[in-house]
Amino acid sequence: HYFIQSNLRMRVLPSTGLSLVFVTLIHLMFSRHYLEKEDFEVSYDDDWAGARIASTDEELIKRSSTGSCPGSHPYAYSAGRYCCQYAYEKDTGKGDPKCDGGPISLESRCCYKNKYTRCPYNSCTSRESDEGTKTLLSDLAQKIGDKIKSLASLGSLKKFLENGDNSLEIYQWDFVNKVVERRQDFSLDDEMVSWIFNNRDIMEKIMTSGDVDFNLYNEAIAIIAEIMKQDSAAKIGQKLDLAVAIGLTFSSEVPSLAYGTAIDGIARYHNFSRWADEGLFMEPFYTLNTWLMRYVVGSWATDEEMVWARDIIKTEYPDYNNPDKIDSVTYKMVKYTSVNDEGVRISDKNFYHGLPVTLAVLHKYGAVCGGISKFGVAMGQSFGIPGLPVGQPGHCAFIWYRNGTYWKVGNDITGWSGSVTHLPVMYSWKRPASFFPIMHEAQQNPDAYRLSERMRILAKFVNLQLRYELLEDATTVCPQNYDLYSDLKEAMSQQEVSEDLIERQLIPYLEKYYEENFEVEKDVAFKKEVTASGYQERAQNINGGTGSEWWTNQTEAWIEINLGYPCTISSINIKWWGNSDSDDYDVLAEIDGSFVKVGSRSDEVRHGSFNAKGELPGW
């Protein structure tokens, strides 16, 4: 297996070289599917008729022994031959159970994002956190245990948690526990890191402002500390929210969509801080909490592109310079096209003439759904409006925080129900995009959400009966906190409750609670019964979420959608495929048993020309 490599440097004798090259390449082709490439030096000379691995004595000693993976790549896999940075496999999409994106193990054959390194020993085991980190975790657990050992009822535990002075150790324990779960080390040697770790308000923001992928909290706190070293103003107020949002978001690499390189999070903090001071953002930005701010600072547009976006809106599209319309400018600025002026299809790398696909290039040449949605997100983020792309069946849409009040789906086909995650965005609870508004509501009542989180964490320290009571009560404190239901399922499973309780019962309840208690916009026509005057076999394409079309060759035609129950309609959205259009049409709705005209072609606001989007007001 030492011949599995990408760089083979050989010195060969003419008479014997062919056979060595042949054997090596055959071995490479046979094995490369299973193991990942290495960079050894293979040599062949007159004095020794064979191949050898060039290595130092120290490396040879390591190669003959067993050890643990390095801290940078703590997870052993592929029978201990390789070490992965993440605790998950790469999903190759081939149905291989050892490469399906699940938790990584010694049986796994691939590593998430290909972030791996060769085991420096003959065989590796997964790394453990150092003794200092484990001792810190144990000490924090002891402190918490000592404080609650005399509390034997739900009421006394809840009263203990409602006292904010008792929350610091709980957040600290949760932080260090996540570091240990990731098999990393944590040290308080850095003065600024220590100050942050012992500041209750900052730790609360760090631990209750949404998930951090792969528990990269070490990286997050290091970024926050560096920002505070460079700017003392980042310790309080909105700049603290900005610093924490940057730390959490940039704990993993945030890529530039145009250039593919990593965006510098600390430089972004300084730019955003300056832009905020200069009043360059729209008003909603100045009211954002840390969680919402993450979906502004995590933009895949570079800071230079954001400057371009603000300049062109102010000079060429001033009517859209407000937080209620900034998404709509996308349809004005980026034409929907799959073929450029030279006839090159968008699947060809020459569609954009080899240029980096910046916002300016998208504006000039156009795009299909993916480019349009990512442009829409970046335009909002340039003005401080949160947003992110989401996947839909055969389509890319986006969600954005409209007017600083609610999340809305843009460039939409299937609505919230058909919207899924779009990597590498960090999603709350690692759930589909439809859970976004639920987390938003949880964040709107921060005291309740934070208390429910402290209850969830403390439940790990009490007996099974109290754990169940604490978690169950926490769901009434903040019913939108999905993590509670995950932990509650585990607690109840020990009481022989069905494993699929959450998916079968609690999650539908949570979604029903949300719909009944908060204003929710959804596609009420989605997959409802459709009757058409012609081509009935294609009628369900109108609202089926597939992106397929319905057409007619009739001079006059009609379609009818049975919504099934009375609704308040906020808008009608129509997608006109290609150059198709209707010279005139009326919209009728059944109200009190009679059909009443509620709209017509003259009411439609049209976005774009090819594959145009039409929108009519509701009633």
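Residues numbered from 1 in each chain as written. Predicted model: local features only at pLDDT ≥ 70, side-chain atom pairs only at ≥ 80, totals over all residues. Heavy atoms only, no water.

Student: Give me the lowdown on the nonpolar core, citing residues and values where you can.
Tutor: Formed by 137 residues in total, the largest nonpolar core has its most connected members in Phe175, Ile206 and Trp407. What Phe175 contacts, discounting residues up to four positions off in sequence, is Phe186, Phe197, Met203, Met207, Tyr217, Asn218 and Ile221. (Core = buried A, V, L, I, M, F, W, Y, C linked by side-chain atoms within 4.5 Å. Buried < 20%, exposed > 50% of the residue type's maximum accessible area, 1.4 Å probe, protein only. Contact = heavy atoms within 4.5 Å.)

Student: Describe empty space enclosed by the protein, listing the residues and the values that go with them.
Tutor: According to the stated counting rule, one finds three cavities of 30 Å³ or more in the structure shown. Considered as a void within the structure, the largest cavity measures approximately 320 Å³ in volume. Every residue lining the largest cavity is counted, 25 residues in all, and those nearest its centre are Val254, Gly298, Ser299, Trp300 and Val425. Taken together, the elements giving at least two residues each to the lining of the largest cavity come down to helix H11 (290-297), helix H15 (369-382) and strand S8 (387-392). Of all the elements, H15 adds the most residues to the lining of the largest cavity, at four residues. (1 Å grid on protein atoms, 1.4 Å probe; cavity = no way out; pocket = protein on both sides within 12 Å on 5 of 7 lines; lining within 4 Å. Points joined across faces, edges and corners; volume = space filled by probe spheres on them. Helix = DSSP H or I, 4+ residues; strand = E, 2+ residues; numbered from the N terminus.)

Student: So what about helix H4 (residues 154-162)? Which residues, and what values?
Tutor: Burial in H4 covers these residues: Leu157, Phe160 and Leu161. Mapping the buried residues of H4 onto a view down its axis gives an arc of 95°, with all of them on the same face. Buried residues along H4 sit in contact with helix H3 (131-148), helix H5 (168-181), helix H17 (446-458) and helix H18 (464-477). (Arc of directions from axis to C-beta.)

Student: Which residues make up the sheet that holds S8, and what values go with them?
Tutor: Spatially, the three strands line up as an open sheet ordered S8-S9-S10, and their pairing is antiparallel. Two strands bound the open sheet, and with one partner strand each, they are S8 and strand S10 (406-410). The sheet shows a mean angle of 30° between the axes of neighbouring strands, taken without regard to direction. One ladder, built from five bridges, connects strand S9 (residues 395-402) with S10; its direction is antiparallel. Residue pairing for S10: Ile399 is matched across the bridge by Val409. (Pairing = 2+ DSSP bridges. Axes fitted to C-alpha atoms, helices over the stretch in contact; angles between N-to-C directions.)

Student: Can you lay out the packing of aromatic side chains for me, pointing to particular residues and giving the numbers?
Tutor: One pass over the full model with this rule turns up 27 aromatic pairs. A ring pair is formed by Tyr82 and Tyr116, whose centres lie 5.9 Å apart and whose planes are at 75°; its orientation type is edge-to-face. Taken together, the residues span a long stretch of sequence, with Tyr82 in strand S5 (residues 82-84) and Tyr116 in strand S6 (residues 116-118) at a distance of 34 residues. Relative to Phe436, the ring of Trp407 has its centre 4.9 Å away and its plane inclined at 75°; by these criteria the two rings are edge-to-face. Remark: Phe436 occurs in helix H16 (residues 436-444) and Trp407 occurs in strand S10; sequence separation between them is 29 residues. Residue class for Trp407 comes out buried when judged on its relative accessible area of 6%. A connected cluster of aromatic rings, assembled from ring pairs, spans Phe272, Trp275, Phe281, Phe285 and Tyr286. Sitting above the plane of the Tyr82 ring, Arg118 keeps its charged end 5.6 Å from the centroid. (Phe/Tyr/Trp six-rings, centres within 6.5 Å; stacked < 30°, edge-to-face > 60°. Lys NZ or Arg CZ within 6 Å of the ring centre and 35° of its normal.)

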